[in-house]
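If you want the building blocks of each chain, they are given just below.
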Amino acid sequence: MNVIYPGSFDPVTYGHIDIIDRCAKQFDRVIVSVLNNTAKNYMFTIEERMDLLKKVLDKYENVEVDSFNGLLVDYANKKNCPLIVRGLRAVSDFEYEMQMAHVNKKLQENIETIYLVSREKFSYLSSSIVKEVAMYGGDISCFVPKEVEKALIEKINGGEK
Ligand code: ADP
């Protein structure tokens, strides 16, 4: 059985990687799908976000990195994979996730969304908080792999290495 893990991954954190690692052990194939929503302001381009994911997920033979835009249900159809996984960090995630799951089910009856509860040590971690800490020069090495840390620092310094 395969599963799609959709998200912005702007950028990928240890919290995302933990969800992917746990899925890779339970499913035949994990399709990590980066959302390219033109209405959203991302720090990293779609290519950069995919590139970082590919680098940090290199050791997983059953994990694929892909991208999509438009409706997740249409993408899931195209990939022939009606199973979606999302991570739940706190009650604050729950409301939005439930709304999305209901909408997706309404759009397409055979779509199922499953949730993995975040590991306690990653439950406070989000891409936004990592970007904020990095912006103020804080140490982010415990939040993201070194490739991501490097890319974030370069981005904040305006491309200078
Ligand atoms: P989105 O913009 O779709 O929420 P994110 O890249 O922020 O995209 O997150 C993708 C998925 O990963 C979401 O289901 C989110 O709840 C989950 N996630 C994000 N950070 C963590 C974390 N620290 N632990 C577990 N799940 C997480």
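That block above? That's the structure.
Being a predicted model, the structure only gives us computed values, none of them experimental. (Residues numbered from 1 in each chain as written. Predicted model: local features only at pLDDT ≥ 70, side-chain atom pairs only at ≥ 80, totals over all residues. Heavy atoms only, no water.)

### As for the overall build of the protein
Move 1: Within the protein one finds six helices and five strands.
Move 2: Considered along the principal axes of its C-alpha atoms, the protein spans approximately 45 × 35 × 30 Å.
Move 3: The 161 residues of the protein split such that 44% are buried.
Move 4: Of the contacts made within the protein by residues no fewer than 6 positions apart, 73% connect residues no fewer than 24 positions apart.
Move 5: If you average the places of the 21 positive and of the 24 negative side-chain charges in the protein, the two averages end up 1 Å apart. (Helix = DSSP H or I, 4+ residues; strand = E, 2+ residues; numbered from the N terminus. Buried < 20%, exposed > 50% of the residue type's maximum accessible area, 1.4 Å probe, protein only. Contact = heavy atoms within 4.5 Å. Lys, Arg positive; Asp, Glu negative; His and termini not counted. Charge placed at Lys NZ, Arg CZ, Asp CG, Glu CD.)

### Considering the environment of Leu53
Move 1: Among the secondary structure elements, Leu53 is positioned in helix 2 (residues 46–56).
Move 2: The class of Leu53 is buried, set by a relative accessible area of 0%.
Move 3: Measuring from C-alpha to C-alpha, the distance between Leu53 and Pro11 comes to 8.3 Å, with 42 residues separating the pair along the chain.
Move 4: Residue contacts for Leu53: discarding those within four places in its chain leaves Phe9, Val12, Val32, Val34 and Val65.

### Notes on helix 4 (residues 91–107)
Move 1: The terminal C-alpha atoms of helix 4, which comprises 17 residues, lie 25 Å apart, in line with the 24 Å expected from a rise of 1.5 Å per residue.
Move 2: For helix 4, the complete set of buried residues consists of Asp93, Glu97, Ala101 and Asn104.
Move 3: Buried residues along helix 4 sit against helix 3 (72–78), strand 4 (83–88) and strand 5 (112–117). (Expected span 1.5 Å × (residues − 1).)

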